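Structural overview for review
Here's the letter readout for the chains.
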Amino acid sequence: MPFDTRSGRLDPDAVIDRIGPRTRWIAITAASNALGTMPDIATVIAGAHERGVRVFVDGVHLVPHAPVDLATLGCDVFVTSPYKWYGPHAGIMWIAPDLRDSIEPYKVRPASDHAPERWETGTPSFENIAAIDAAADFLLDEGIDRIAAAESASFATLLDGLLADPTVTVLGPHDLVDRTPTVSFNVAGHHPDAVAHHLASQRVAVWSGNYYAVETMAALGLTATGAIRAGLSAYTDADDVSRLLDGLRTLDR
Ligand SMILES: Cc1ncc(COP(=O)(O)O)c(C=O)c1O
């Protein structure tokens, strides 16, 4: 789906309008890992279900930054990756109860025909599962609302600092509404990789390139270079944000 390249926003009604007679599923992200935008997935899910279409939600970038209530959301499938919320490398797929046994996944024949086992690999990764449990406890103990509030406060400083620099182009929204604390940007006259290397020398970890958001970068006309991406997490504080902004000021001009 095309999105508004100026605001970085996706029109949910345009997604629903695209539903045709052959549409069975819509796959949509709950938050863009490049622009931080959070599409209005509730509207998409409601419109899709009215038309008998299922919705698969990629919650990988959203879950570390915002509370998610699957019962209210009402999607059919939701995925999240625990390594994005301080856990181990693994994937989690939540499937609506009415689909768990009715969709036939690729599996070895002797594996159980019933969920959840029919969706899992032969021998579960027990040590990973124990660590996922611990990471989930960490999130619940810290409180995702508290984490989100702290991240938003630091992010406001970061976004203001980037927008105030005339050599910086901020991609996607320039406001704090319906977004995660993640921003992509470019600095005039500097390749994104060079900026990332310079910031690394200041002990600031950012990523450069497309971060797998290939279509987003193509829509923004940035296939060749991509952009720099900075994101905040539960352990990022105001000092880290200052170091990033100071690091940009010490780029060769
Ligand atoms: C929005 C989004 N979806 C999916 C993925 C892929 O998740 P995984 O690395 O667990 O395959 C990522 C990883 O960065 C992501 O940011």
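Brief notes about the domain arrangement of the chain
For the chain, the assigned domains are domain 1 (12-142) and domain 2 (144-249). Summarising the inter-unit geometry, the C-alpha centres of domain 1 and domain 2 are found 26 Å apart. Counting residues at the interface gives 16 residues for domain 1 and 22 residues for domain 2. Tallied by class, residues from the side of domain 1 that touches domain 2 come to 9 nonpolar, 6 polar and 1 charged.

Some remarks on the sheet that holds strand β6 (residues 182-187)
Strand order in the open sheet formed by 4 strands is β5-β6-β8-β7, with antiparallel pairing between adjacent strands. Each edge of the open sheet carries a strand with a single partner, namely β5 (168-170) and β7 (207-209). For this sheet, the mean inter-axis angle between neighbouring strands, taken without regard to orientation, is 30 degrees. Looking at chain direction, β6 and strand β8 (residues 227-231) are connected through 4 bridges and run antiparallel. Looking at the pairing, valine 183 lines up with alanine 230 of β8. The strands touched by helix α6 (residues 144-164) are β5, β6 and β8; relative to β6, the strand with the most contacts, the crossing angle is about 20 degrees.

What to know about the site of the ligand
Neighbouring the ligand are Thr29, Asn33, Asp58, Val60, His61, Ser81, Gly91 and Tyr212. Residue classes in the shell around the ligand are distributed as 2 nonpolar, 5 polar and 1 charged.

A look at the environment of alanine 30
By secondary structure assignment, the location of alanine 30 is in the loop between β1 (25-29) and α2 (41-50). Alanine 30 gets classed as buried once you count the C-beta atoms within 10 Å, which come to 22. Remark: the alpha-carbon pair of alanine 30 and valine 68, spanning 38 residues in sequence, is separated by 9.9 Å. Ignoring sequence-local partners within four residues, the contact set of alanine 30 consists of Met38, Ile41, Val57, Asp58, Gly59 and Leu62.

Looking at the packing of α6 against helix α9 (residues 238-249)
Axis separation between α6 and α9 bottoms out at 9 Å; the angle between their running directions is 10 degrees. Between α6 and α9, the angle falls in the class roughly parallel. Read as a crossing pair, α6 and α9 show a hand that is right-handed. In this structure, α6 uses Ser154, Thr157, Leu158 and Gly161 to contact α9, whose residues at the interface are Ala238, Val241, Leu244 and Leu245. Classifying every residue of the contact of α6 with α9 gives 5 nonpolar, 3 polar and no charged.

The rules behind each value
Residues numbered from 1 in each chain as written. Predicted model: local features only at pLDDT ≥ 70, side-chain atom pairs only at ≥ 80, totals over all residues. Domains from an automatic or database assignment. Contact = placed C-beta atoms within 7 Å. Nonpolar A, V, L, I, M, F, W, Y, C, P; charged D, E, K, R; others polar. Pairing = 2+ DSSP bridges. Helix = DSSP H or I, 4+ residues; strand = E, 2+ residues; numbered from the N terminus. Axes fitted to C-alpha atoms, helices over the stretch in contact; angles between N-to-C directions. Near = placed C-beta within 6 Å. Buried ≥ 20, exposed ≤ 12 C-beta atoms within 10 Å, placed from the backbone. Parallel < 35°, antiparallel > 145°, perpendicular 65-115°, else oblique. Left-handed = near helix turned anticlockwise from the far one by under 90°.

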